[in-house]
Each structure stands twice: as structure tokens, then as C-alpha cells.
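Listed below, chain by chain, are the residues.
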Amino acid sequence: MQTLVSAQELTKVYNRGVEEVRALDGVTFDLQKGDFVAITGASGAGKTTLLHLLGCMDIPTSGELLMNGQSTRGLSDSALTRMRREQVGFVFQHFGLLPTLTVMENMTLPALFSKRDAKESAKELLEKVGMTHRRNHRPNQLSGGEMQRVAIARALINCPQILLADEPTGNLDSVNGEAILQLFHQLNRDGLTIIVVTHNPTLANATQRQLVLRDGRLVP
Amino acid sequence: MLTLALNNLTRRRLRTALTLLGVAVSVGVLACLLAFGRGYEAGLGRELNNMGIQMMLVPLGCPYDAAARVLKGKTLDVSLPAESVKTVRKDSAVAIAAPMLMATLPRPSEGRTDLWVGVDESVRPLKPWWKMKEGSRWFPDANSVILGAEAAHAELREVGDTFFSPETGRKFTVCGVLERSGTSDDSQFFAPLATAQAMFHQPDRITAVAIRLKDPTLIGDASTRLQEVKGAQVVTMAEMMGTFLNLVGSVRTLVFAITVLALCISGLSVFNTMLSAVLERTRELGVLRAVGASRGQVFRLLAIEALLLTTIGSALGIVLALLAGRFVEMGVRLFVPLAPSETLLVLSREVIQQCFAVGIIVGLGAGLYPAWQASRLQPVEAIRVD
Ligand SMILES: Nc1ncnc2c1ncn2[C@@H]1O[C@H](COP(=O)(O)OP(=O)(O)OP(=O)(O)O)[C@@H](O)[C@H]1O
Ligand SMILES: [Mg+2]
């Protein structure tokens, strides 16, 4: 097994005025390639914060994150940007689709930024998430489940090693939630490492491993 | 990238439209101004050349004022002795020297003031644009008069009619009527020089001598020599043009200041549009950053938006200038002295390019800060705002 992600004593402290919030407090764990992991915990436990750190979208106050055995500490903004662009795919809780762009344009944004022609892989991905017939629609013409699938397709367009998803079923009914779960299973079988933050026990129980957070610490 | 920027602009249609309008108006004004400046200079030069007059001998005093008055058909208080024409004609460089006596004749009963110009035959080659109506003749006798088109209209006289001037107690025969020429000649009354001198009690006096040279290049020498004529001074057309252009220049400086102000305001409105676009799209920009847009790419996106805004605005402004140019020109004529009679607004390619360049520079200048702001957004900060 190959260690893909290694979190070592990850700590994130927010300064809210005079108050200090330790959103994450010394979180340590390893993830192997091909893992399907759920991060769970009460609201405010630090799940989103952890996911942002794993996605190189934020920098830990202390501790270190290794990706493929390489430290991300002290990386420049452009190096972090490259990480986000090529190593990880991120699915936001609120989907994060651009309202002015079509499904196809939204999907291919990461490819646009890495100046790659992604037409072929976009078609394949659309097929995979079952949105081919909606490719020229805009987000406001889609249902929540459809938007979520587009968001997943976008996260995968640059063929990342890890997929990070924040409450991917949080805004969906059980039928759509089930569909997303099936999609994750399929992607995981194809070798993708997946980390989901979720409150949904069905989704959490379907994963191979659960990381439970409480007040910024991992519950053993 | 371009579609992305364009899409964002069409999202807030009204705001985009207002910003475009602001840019368009100021660029339009700038275009009119530049075009007008060029047109005016070119037009004035052409008009002065058409006159066939290269120099003018006028009484001592403010030379430009005197020359302008003579050109525009106004009288002078001082005059020259008639012999000065002979002196001028003797000069080797002079081809034609035409004496003129100008006098105003108040017409209290009509509520206006007529301008009489005493001339002799030598003035005709200097007025190449003169066209006489059917049946006109050059002064057959001392009591004949040639009327400018408007003067004839005001007096309700045709060729051959008689014409009584109660103020001077003289009776004239209209021997000729000029076709409308668009110059100040239209409203003048032309009489034989001697008649005018007698009428206005100015025997042997003249107001000015209009001069054409054998060769325009002799102008320097000729004017030095003629400067020696007693009580007189020489004004060359080149000097006159310079003076008028200075005058116009000061008007233009004012308008230019206003334009700069307008450009600043439109710059501010681009700035405002872009800054609020950044603010209200914070989360979206954060998403872009999160899915792999670099700082440079976000910056470029916003810069392209600003650039699109000003480019389209500038293009509209130039269209506006083309459309409104005519009206602007009419307005300008009311305020600017000695406006040449031909089209003043010449929107040359150069002017258009300059305006475009200015518009784009202003737009870029105004778009830079918001774009920079946007590029500084951290992906998490941007995504977190709810
Ligand atoms: N930008 C911030 N500034 C200050 N405090 C923050 C910030 N972001 C998060 N926090 C705090 O950090 C703690 C962890 O937040 P986080 O969003 O990671 O929780 P979560 O587990 O994702 O909760 P939820 O299930 O509600 O999404 C919370 O107490 C939150 O208020
Ligand atoms: Mg959360």
C-alpha cells in the first residue's frame, strides 16, 4: 500500500477578534491510495477545516501535510494552486457552480486553468455521472442532485488522485444521495481515493474507514 | 476566459450599461474635441489660403485685432493714407494690392448697422469665390453698389433696382448682387472706393491694403520692407492663423479639462463596477481559485472584464461622436471666433485610434486595483463567506 496523504499534528487556529478558536488540534492520520474514508463529527467539530487543509486550500497553523510523501509546508501560492489543480478534486457543500456558465463550461474550468484540452475526458465524465443530456444547461436549470453530479465531474476533470467532498449528500434527498453513493463506489473501484465529510450515516457506513472528529481532535 | 468575462458582464446588465454609457460619453467628447481641433486648424488654413490674400497692411495698433476685423468685415477707427497702396504696389514681391475702406452705417430706422466696403477692381482677384447673379456688372458709375446676398435680401433689391440711403442722402443703382458665399461678404455693401471715401468723409483714406504676393515664399522679405510704410504695419496670414489658433487653444484647454474630468469619472465608474463585481462574486472567485485558477488567472479574468467594458464603451463613444458630431459642430460655431465654413469635425483614423487608446488606458487603470484585490483572495476565505 502506498501512503497518499499523511497528516501530522495538523492544527488550525482561527482568531475571532480576541477569541482563539482551535478548529483543529493536533490531528494525525495516514491515508492509503484507493481509500474511501468518511470524516464525521458534530457541527463545528472541524470537519470542513480539515478538508480544506487536505485540499491545499488553507494552510495549517502548525503541523504538516505530506502529499505523496512530499511536504506541503512553505509551498508558494502558485505551487499550492498547482496542487489544487492537479492533485485534488474538491466538491463543495454548496456545489460551487458558476451560474453564468453551462454544465460543460463549469466542468471544464479546471482544465481551462491548466490549459488542457479536456473535451474528450469531459464527454466521458458526463457519461459517467449521467449528465450528457444536460450538457448545455445552466446550473439554475438543474436539480440539486444534478448540480452535485456536475460538481463531482468538475472535480475529476483533471484526473486527480484524491476526491474531497464536503457533505455531498447534505442537500439531497435519499434517492439522489444513494445515486451519489453509487457513483463514489464506482469511482473508488476505479482506483480513486475518496474522502467525504458527512452527517449521513448511510454514506459514512458505506466507507471503508471513518475518522471521527470532536472539538478539533480525532476520536480514537 | 473571454466567454467567462463576457458572461459576467451580461449578468448585471443595467450596471454594465451605465458604465458603458459613462465611458462612451467621455470618449465621445474626447473624439469630438480632437477631431474638432484638427478640423479647425485645417479648415482655417484652407480658408485663409482661399482668400488669395497672403498679407495685409493695416494701421498701427493691435495688428491681429485689426486684421481680424478687416477679414470679418468690421471697421477700424484708424486709417491709412491712400498713397500707401502705391508704396505697396511698388514693392517687387507684390502681385496685387487692393485698397479697402470699411465703414459702418448705423440704420436706426431698421435697427441694424450696415457695413460698407469701398473697393476698386483690384480686389476681384483676391475674392475668387465671388459669383455674381444674372445681369450683374462691375461698378459702371460712381453711384452703383454691389450687394452681398444677405444685404440684397434685407434691402429687397435685385440687379437694376435703385436704392436710396437716407442716412447719407445718396441714391444708388444696384449693379450687381453676389451669390451667397458663406463668408462675411454676404452681408456687406460694396461701393467704388472713391464713393465710399466721399460718403464717409474719409477722402484719401483707406482702412487696409490686401496683398497677394507673386510668390508666397517671398513673404518674409516683403513684410520686412512693407513694415517701413509710415503709420502702418504688416500682418501675414500665417501670423493671423497662429493668433486664432491660440485663441481656440485656450477654449480647447478648457474643454480638454472637462474631458479629463469626464474620463476620470468614467474611470471611477469602471472602478466601481469592477470592485463591486469582485465583492459580490467573492465566493465564485474563491471557487475558481479552489479548482485551480492561479492568482494571475483570476487577475487576468477581471482585467479582461474591465478591458471589455472600456473597449466596448470606447467604440460606442466613437459611434456617438460620429452621430453627434454634426450637432456639436453647430454648437461650436456659435462660440468659436472665425469658424471656417467647411466641416470642422474630421474623425480621422488617427483620432479614433487615439481615443481608443485613451479609453483603454483609463479602463485598465481603473480595472487594475479590483483585479489585484480579486487575485489576493484566498480560496478558503472566499468560500467561507456565506
Ligand atoms: N474563518 C473562520 N474564522 C473563525 N472561526 C472559524 C472559521 N472557520 C471555522 N471557524 C470555527 O472553527 C470551528 C470548526 O469549523 P468547521 O467549519 O470546520 O466545522 P464543521 O465540522 O465543518 O461544522 P459543520 O458540520 O457545521 O459544517 C467552528 O467552531 C467554527 O466556528
Ligand atoms: Mg462544514
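Look up a bit, the structure's there.
Throughout what follows, the structure given in this document is the object of discussion. As the structure is a computational prediction, the values presented were derived from the model and not from experiment.

About the cut-offs
- Residues numbered from 1 in each chain as written.
- Chains lettered and ligands numbered in written order.
- Predicted model: local features only at pLDDT ≥ 70, side-chain atom pairs only at ≥ 80, totals over all residues.
- Heavy atoms only, no water.
- Near = heavy atom within 4 Å.
- Polar contact = N/O pair within 3.5 Å; in protein donor to acceptor, adjacent residues only side chain to side chain.
- Areas by Shrake-Rupley, 256 points an atom, 1.4 Å probe, with all protein chains shown as cover.
- Helix = DSSP H or I, 4+ residues; strand = E, 2+ residues; numbered from the N terminus.
- Nonpolar A, V, L, I, M, F, W, Y, C, P; charged D, E, K, R; others polar.
- Contact = heavy atoms within 4.5 Å.
- Salt bridge = Lys/Arg side-chain N within 4 Å of Asp/Glu carboxyl O.

### So, the site of ligand 1
Then, number 1: In the region of ligand 1, 15 residues are neighbours, and S43(A), G44(A), K47(A), T48(A) and T49(A) sit closest.
Then, number 2: Chain contributions to the surroundings of ligand 1 come from chains A and B.
Then, number 3: Note that an oxygen atom of ligand 1 is positioned 3.2 Å from one of the backbone N or O atoms of A45(A).
Then, number 4: In the model, an oxygen atom of ligand 1 is placed 2.6 Å from a nitrogen or oxygen of the T48(A) side chain.
Then, number 5: Against a free-state accessible area of 630 Å², the protein chains account for coverage of 74% of ligand 1.
Then, number 6: Breaking the shell around ligand 1 down by element, the ones donating at least two residues are strand 1 (3–16), strand 2 (19–32) and helix 1 (47–54) of chain A.
Then, number 7: For the shell around ligand 1, the leading source of residues is helix 1 of chain A, giving 3 residues.
Then, number 8: Class assignment of the residues belonging to the shell around ligand 1 gives a composition of 5 nonpolar, 6 polar and 4 charged.

### Re the interface of chain A and chain B
Then, number 1: Listed per partner, the contact involves 24 residues of chain A and 22 residues of chain B.
Then, number 2: Joining chain A to chain B, the criterion identifies 2 salt bridges.
Then, number 3: Counting across the chain A and chain B interface gives 6 residue pairs in polar contact (both at pLDDT 80 or more).
Then, number 4: Within the residue set of the side of chain A that touches chain B, elements represented by two or more residues are helix 1, helix 2 (77–86) and helix 4 (109–113) of chain A.
Then, number 5: The residue makeup of the side of chain A that touches chain B, split by class, is 10 nonpolar, 7 polar and 7 charged.

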